[in-house]
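Take a look at the letters that make up each chain.
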Amino acid sequence: MELKSWLIWIAAISAVGFGIVVIVIQLMGLRKRKSSFTVVESPNASAWSRSFKLWMLSMYVFSLKVPLLRTYLSKVRKRIAAINLYDEFELRFHTMAAGTAAILIFGLSIGILFSLNPDWLYLLTLLLTVIVLNNVFVDSYINRIEKKLLQQMASYLTEVRHAYHRHGIVEEALTEAAEESEEEIARHGYAIADALVSPKPEEELDKYYLTCPSRFLKSFAGISYLIMEYGDRVKKEGSIYLKAISSLSQEIHLDMLRRTKLDYLLRGLHVIALVPVFFTKPIEVWARSSFPLMEDYYLGKYGLMTKLAIYVLIIVSYVFLQKLSSLDEKSNRSEGTRTGWEQRIYEMRGINGLWRALIPGRRSSGYERVKRLLADTGHRLTPEWFYVRRVLLFAGGFLAAFLLSMFLHSTEKHRILSEPPKSSVVFGSISQEEALNNRRITEQDRVWINRFGSVNDRNERYQMISRTVASSESAKALTKDEITATVNRLMVKMERLRDEYLKWWELLLALGIGYLGYCLPLWLLYFQRRVRAMEMRHEVYQFQTMITILREMDRISVEEILEWMCSYAAVFKNPIEKCLLHYDSGAESSLLEMREEAGFPEFQRLTDKLLLAVEKIPISRAFDDLEGEMSYRFEQRRLDYDKMLDSKAGLGRMIGFIPMYSLIFMYLVIPLIWMSFTQMSQYYEQIQKL
């Protein structure tokens, strides 16, 4: 079918689908009075908007009855529920909206691409790619909601400032500002206000922290509680509470600028890295239909290995891009990685001796290096469990490469048996008559190969094939040269079949791939540490910004500062949590342990000041130099953010385009060069026969 016909069909299907959607929306609008839902809408909401939301809520209820769809929507719901406080109807609407958009977009894309290339292996590749792309789509949807919440929070803090000027009471300012703010941030404002006026505000705030999606909101809630508990102080610069609000607003604006610039610099790189998956099959179909000689490459083991290498590059590039673009607090938080399977395998009876032989000793340099690396990247894996993962990846990589080699040899044998005679056509395709003749010759070749393939002596095999071919019925219409060519073709096929066995260098290559699997977790940790190192300095700056506010409050203690830092922390959350757990048993020793575990110079200097403030000097004196440096530090942070984002953008562009370049050169340019050399050698042989 021509391209024009395909476009006409796609346009017709799109028009029919759009009409069906409109009709369904109208029908659901007629049923809205009978629906059991009571949806609170804005007075300015249009009738179409209300009908659409009601339809989405109804579809959500229906989707819960479909097993696979129910599982998918539950995963989307969990991710969306973690970034905001929703009522049930809003949460259902956002979940169904994200799920419906993803299913429609990816379903239509798979349908069009599979109709253009009806291959079940290609369909499986598309499905695996869509699973990965779905995560990118949901991440993008959630990122938009997070940015919207940040924008609303900046406006909300402005309203809190104005209300606090009027009333001078924290809870009154929070409630009044929530009444004037948009719906999403208003929920947080009401939740914080309700927690502050409850009989047990600390417990209610702890519950709120568990569902709070932003550390800025956590900081605002904590500072509001401290002001309400200890009272506000008015200095020459103004109210401490208003100064804290100004600092938070400054931090929010800086974070919004960072997110906006990061989205702009890394926009589309995930999709660019995954796009080659969709074009491997079209390139192969086009090349095989335009150049018949290319079938030997694409259908052979080298073509399959090239395709597999491209897929591996795509997966690796996507993983590195995900690590590179992980700048938000959730990604930089100490990993809550599920380590159950590593621990269970490590503790299995009967193989403890194996792990002791494979894992370095606790006092070895390799063990200490891995332990330090895991601490720097925030992993909760122990070095023993990490080595279990590495060993299993080595075994999995070796086994996969070994089985792949056996599969490629088996595939190549099958292809040799079904390979037609070489065609003299370079461009275009062969005629139907020639194709039928080639199939007949291939079937006859397979019969003769199966008959004489067991003969080991090459000369004897050549003589037997020559006599059989010469005495066959098909040889009566052939010349002597054509009979010789047939015998030579059969001998070449037999030699190629005998050469398809597992070679020593393939076993060595499988060991090399297993070693790559063994090293990959370590390389990922190094890469992640490099990415996290860019964030450590900026988190320390944020700590210092808020400590300049907290130090002005009466009766503030080092432990309370650590509790605030723990709720606000992302990169340094693990050492701060351990310090708080051991604080009652010894403040100085727990702070020294936190200082040693963090291993970052600027965080260590901050810890030194906390050590001074434990018993020797007041907190306000320990941090008396911070306020004068804040303007300089803020400008320095902006410059560091620009450098960091530029560095990540350069790495992202390089990583994102590697699969595309690999597809062009490995799957198109190199096969074309191989075909050119093959054709030149054929021309040279023909010239020699003249």
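Residues numbered from 1 in each chain as written. Predicted model: local features only at pLDDT ≥ 70, side-chain atom pairs only at ≥ 80, totals over all residues. Heavy atoms only, no water.

(A) Structural detail: the pattern of salt bridges. Taken as a whole and assessed by the stated rule, the structure comprises 20 salt bridges. Among the salt bridges present, the one from E146 reaches R259, with a minimum N-O distance of 3.4 Å. Placement of E146 in helix α5 (residues 120–167) and of R259 in helix α10 (residues 240–265) is noted, with a sequence separation of 113 residues between them. No difference in accessibility class separates E146 from R259, as the two residues are buried. Of the charged contacts, one joins K578 and E597 as a salt bridge, the two residues approaching to 3.1 Å between their closest N and O atoms. Taken together, the residues span a long stretch of sequence, with K578 in helix α25 (residues 573–581) and E597 in helix α26 (residues 587–598) at a distance of 19 residues. Residue E597 is classed as buried on the basis of its relative accessible area, which comes to 18%. Among the charged side chains, a salt-bridge network with shared partners connects E146, D255, R258 and R259. (Salt bridge = Lys/Arg side-chain N within 4 Å of Asp/Glu carboxyl O. Helix = DSSP H or I, 4+ residues; strand = E, 2+ residues; numbered from the N terminus. Buried < 20%, exposed > 50% of the residue type's maximum accessible area, 1.4 Å probe, protein only.)

(B) Here's a closer look at a nonpolar patch on the surface. Nonpolar side chains collect at one region of the surface, where F394, W504, W505, L508, L509, L511, I513 and Y515 lie side by side and expose about 860 Å² of accessible area between them. Broken down by element, the residue count for the nonpolar patch peaks at seven residues, all from helix α23 (residues 504–550). When you line up the elements, L508 lands in helix α23. (Patch = residues over 30% accessible without salt bridge, like charges linked within 9 Å, V, L, I, M, F, W, Y side chains within 5 Å. Areas by Shrake-Rupley, 256 points an atom, 1.4 Å probe, with all protein chains shown as cover.)

(C) The packing of aromatic side chains, seen in detail. For the structure on display, the rule yields 13 aromatic pairs. When the centroid spacing of 4.9 Å and the interplanar angle of 65° are considered together, the rings of Y164 and Y241 count as edge-to-face. Residue Y164 is located in helix α5, and its partner Y241 is located in helix α10; the two are separated by 77 residues in the primary sequence. Between F572 and F600, the aromatic rings sit 6.2 Å apart at their centres with planes inclined by 45°, giving tilted as the arrangement. You can see F572 sitting in the loop between α24 (558–568) and α25 and its partner F600 sitting in the loop between α26 and α27 (601–615), a full 28 residues away along the chain. Like F600, F572 is buried. (Phe/Tyr/Trp six-rings, centres within 6.5 Å; stacked < 30°, edge-to-face > 60°.)

(D) Just the packing of helix α7 (residues 183–196) against helix α9 (residues 215–230), in detail. It is the contact of α7 with α9, at a shortest axis distance of 11 Å, that shows an interaxial angle of 30°. Here the hand of the crossing between α7 and α9 comes out right-handed. Together, I185, H188, I192 and L196 of α7 and L217, F220, A221, S224, Y225 and M228 of α9 make up the contact between the two elements. A per-class count over the contact of α7 with α9 returns eight nonpolar, two polar and no charged. (Axes fitted to C-alpha atoms, helices over the stretch in contact; angles between N-to-C directions. Left-handed = near helix turned anticlockwise from the far one by under 90°. Contact = heavy atoms within 4.5 Å. Nonpolar A, V, L, I, M, F, W, Y, C, P; charged D, E, K, R; others polar.)

(E) View of the nonpolar core. Residues L174, F220, Y241, F543, M565, F572 and F603 are the most contacted members of the largest nonpolar core, which totals 76 residues. In terms of residues, this core owes the most to one element, α5, which gives nine residues. Contacts of F603, omitting those with residues within four sequence positions, involve V540, F543, M565, F572, I576, M594 and A598. (Core = buried A, V, L, I, M, F, W, Y, C linked by side-chain atoms within 4.5 Å.)

(F) Spotlight on the packing of α7 against helix α8 (residues 201–211). The N-to-C vectors of α7 and α8 enclose an angle of 155°; their axes lie 7 Å apart at closest approach. Taken together, the axis directions place α7 and α8 in an arrangement best described as roughly antiparallel. For the pair formed by α7 and α8, the contact residues are H188, A191, I192, A195 and L196 on the first element and P201, E204, L205 and Y208 on the second. Taken together, the residues of the contact of α7 with α8 break down into seven nonpolar, one polar and one charged. (Parallel < 35°, antiparallel > 145°, perpendicular 65-115°, else oblique.)

(G) Molecular detail of the environment of Q636. Mapped onto the secondary structure, Q636 falls in helix α29 (residues 626–688). Q636 gets classed as partly exposed once you look at its relative accessible area, which sits at 25%.

(H) Examining a negative patch on the surface more closely. Together, E202, E203, D206, E229 and E563 give the surface a local cluster of negative charge. Ranked by the residues each element gives to the negative patch, the list is headed by α8, at three residues. Structurally, E229 is set in helix α9. Relative accessible area serves as the criterion here: at 42%, E229 is assigned to the partly exposed category. (Lys, Arg positive; Asp, Glu negative; His and termini not counted. Charge placed at Lys NZ, Arg CZ, Asp CG, Glu CD.)

(I) Here's a closer look at the confidence of the model for the protein chain. Taken over all residues, the pLDDT of the protein chain has a mean of 77, while the share at 70 or more is 84%. At the level of individual helices and strands, the protein chain shows its lowest average pLDDT in helix α15 (residues 329–332), which scores 46, and its highest in helix α6 (residues 170–180), which scores 89. Low pLDDT (under 50) marks residues 328–339, which in the prediction has 35 contacts with non-local residues, meaning those over four places away or in another chain. (pLDDT = per-residue confidence, 0-100.)

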